[in-house]
Amino acid sequence: MNYIPYGTQCIEEDDITAVVETLKSGYLTTGPKVLEFEDELKKVTGSKYAVAVANGTAALHIATMNLNLKPDDEVITTPITFAASANCVLYCGGKPVFVDIDEDTMLIDIDIIKKAITKKTRAIIPVDYGGEICNMDELSKLADFHGLEIIHDCAHSLGSKINGKYAGEYQGQQIWSFHPVKTITTGEGGAITTNDEEMYKSLLRFRTHGITRDKTQYSYPYKNSEELEYSTWYYEMLDLGYNYRLTDFQCALGVSQLKKLDRFAKRRHEIVEQYNTAFEGLPIKVQKSPQWSDPVRHLYTIRVNDKSKRDGVFKTLTDKNIGVNLHYIPVYLMPYYKKIGYKSGICPIAEDAYDKMITIPLHQSMTDNEVEYVIECVIEAVK
Ligand SMILES: Cc1ncc(COP(=O)(O)O)c(C=O)c1O
């Protein structure tokens, strides 16, 4: 069997045509395809505003800039995520506080969040691990009660729904990633969605050096000034922003890929169902779908009995040309986090899951043969 990656892009002829057409057009960046991609994103996320950016990490960074964190302000997140979900808090001078996961769903445990909230807590960054979506109905109520902001890390969950609603229908900001292993891709790419107009306006500035050409935002005496009517050269830098723009040809790819989201989601769903059925009765744990979640799954992880078994199964599957991976090493166990004072033991369920987990292949390009092969190999390896 040829190598089966744990995740990979699915690029078809029409995707290539869309990119080539844009390369031949007048705009390589900051042109009409960016606006078109943002408009399409609004539809599939249920939000009023969307800002396309260079990658999901940039999306997290500028969404966190919108919180105006002060030193020592705390932001709660999960350790079972990619480091970027917590790093954004450090970029902005705050302190990430790690809250343990629910053992079955592997999502941040809301009951533990309640206990972790202090006078210094400013925000929560829930992460839709593997595409299973967090309970935003409950989290929104909790955030309202304590006056907290939410940055919902939806990097894994494009297309997933909470009790029938898209993530973008909720308060706060949502961030998205279009890295090639995600359900749709723009190569590198990301976005922030929100229903808050002021946040949207500042995200547009943060994406491009803190600069605006919107007269209504100008400083005195230029705000809405008639004098500037013909001064097309004039702009103002209002914040210390970045160049986090996404190119037009990447957005053209994004528009083309978004047309396939339903098909990609359906195929992922079929594979997850096949895995779930095949693994019933085996001595492994699979991620459970909570009752509020209608997911488009990004990852499929299995958990075996202990670390040595995990290492054995990992090696066996690797030897069989299966691209296994591990999502994730708890963020605070990273040497950088240890260097800045975090200790092991903060989230015992996450650490236990880390010792036992393996990510097996899940992507829309998998053939039936490949799915069957992975199933056979997992059953053999686990037994
Ligand atoms: C949960 C999560 N958040 C954020 C990111 C960052 O996205 P990107 O790789 O596009 O910067 C990732 C990336 O894999 C991720 O898995």
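Worth saying up front: this structure is predicted, and the values here are computed from it rather than measured.

Glancing now at the domain arrangement of the chain. Looking at the assigned domains, one finds that the chain contains domain 1 (13-258) and domain 2 (261-382). Between domain 1 and domain 2, the contact holds 41 residues from the first and 37 residues from the second. The largest contributions to the domain 1 side of the interface with domain 2 come from Phe 98, Glu 132 and Thr 183, which together make up 19% of the buried area. Connecting domain 1 to domain 2 are three salt bridges. A salt bridge links Arg 297 to Glu 132; the shortest N-O distance between them is 3.3 Å. Counting across the interface, domain 1 meets domain 2 through 26 residue pairs in polar contact (both at pLDDT 80 or more). Breaking the side of domain 1 that touches domain 2 down by element, the ones donating at least two residues are helix H4 (84-91), strand E3 (95-98), strand E6 (161-162) and helix H8 (248-258).

Ordered in space as E12-E14-E15, the three strands form an open sheet in which the pairing is antiparallel. This sheet does not close on itself; its edge strands, each paired only once, are strand E12 (285-286) and strand E15 (357-360). Looking at chain direction, strand E14 (residues 300-303) and E15 are connected through four bridges and run antiparallel. The residue bridging Arg 303 from the neighbouring strand is Met 357, located in E15. Contacting E12, E14 and E15, helix H9 (residues 261-279) crosses the sheet at an angle of about 15° to E14. Lying over the sheet, helix H12 (residues 348-356) contacts E14 and E15, oriented at roughly 60° with respect to E15.

All right, on to the environment of Gly 187 then. Its place among the elements puts Gly 187 in the loop between strand E8 (173-177) and strand E9 (190-194). With a relative accessible area of 29%, Gly 187 lands in the partly exposed category. The spatial distance from the C-alpha of Gly 187 to the C-alpha of Ala 54 is 9.7 Å, given a sequence separation of 133 residues. Once you skip the residues sitting within four places of it in the chain, Gly 187 turns out to touch Phe 178, His 179, Pro 180 and Leu 253.

Core analysis: the biggest nonpolar cluster contains 61 residues, and Phe 37, Ile 76 and Ile 113 have the highest contact counts within it. Within the residue set of this core, elements represented by two or more residues are helix H2 (32-45), strand E1 (49-53), E3, helix H5 (110-116), helix H6 (136-146), H8, H9 and H12. Not counting residues up to four positions away in its chain, the partners in contact with Ile 113 are Ile 76, Val 99, Ile 108, Ile 124, Leu 139 and Leu 142. Residues Val 272, Ile 302, Val 324 and Met 366 belong to the second largest nonpolar core, which totals 26 residues.

Right, let's talk about H6 for a bit. Buried within H6 are the following residues: Met 136, Leu 139, Ser 140, Leu 142 and Ala 143. Projection of H6 onto a plane perpendicular to its axis shows the buried side chains occupying an angular sector of 165°, all on one side. Residues Lys 141, Asp 144 and Phe 145 are exposed on H6 and point more than 90 degrees away from its buried face. Where H6 is buried, its residues touch H5, strand E4 (121-125), strand E5 (149-153) and E6. Between the side-chain oxygen of the N-cap and the backbone nitrogen of Asp 137 there are 3.3 Å, and the N-cap of H6 in question is Asn 135. Within two residues after H6, Gly 147 carries a phi angle of roughly 65°, on the positive side.

Time to look at the environment of Ser 160. Along the chain, the position of Ser 160 falls in the loop between E5 and E6. Ser 160 sits 121 residues away from Gly 281 along the chain, and the two C-alpha atoms are 27 Å apart. Aside from chain neighbours lying at most four places away, what touches Ser 160 is Gly 131, Ile 133, Tyr 166, Asp 294, Pro 295 and Val 296. Among the polar contacts made by the side chain of Ser 160, one reaches the main-chain amide nitrogen of Val 296 at a distance of 2.9 Å.

What counts, and where the lines are drawn
- Residues numbered from 1 in each chain as written.
- Predicted model: local features only at pLDDT ≥ 70, side-chain atom pairs only at ≥ 80, totals over all residues.
- Heavy atoms only, no water.
- Domains from an automatic or database assignment.
- Contact = heavy atoms within 4.5 Å.
- Buried area = accessible area lost by both parts, 1.4 Å probe.
- Salt bridge = Lys/Arg side-chain N within 4 Å of Asp/Glu carboxyl O.
- Polar contact = N/O pair within 3.5 Å; in protein donor to acceptor, adjacent residues only side chain to side chain.
- Helix = DSSP H or I, 4+ residues; strand = E, 2+ residues; numbered from the N terminus.
- Pairing = 2+ DSSP bridges.
- Axes fitted to C-alpha atoms, helices over the stretch in contact; angles between N-to-C directions.
- Buried < 20%, exposed > 50% of the residue type's maximum accessible area, 1.4 Å probe, protein only.
- Core = buried A, V, L, I, M, F, W, Y, C linked by side-chain atoms within 4.5 Å.
- Arc of directions from axis to C-beta.

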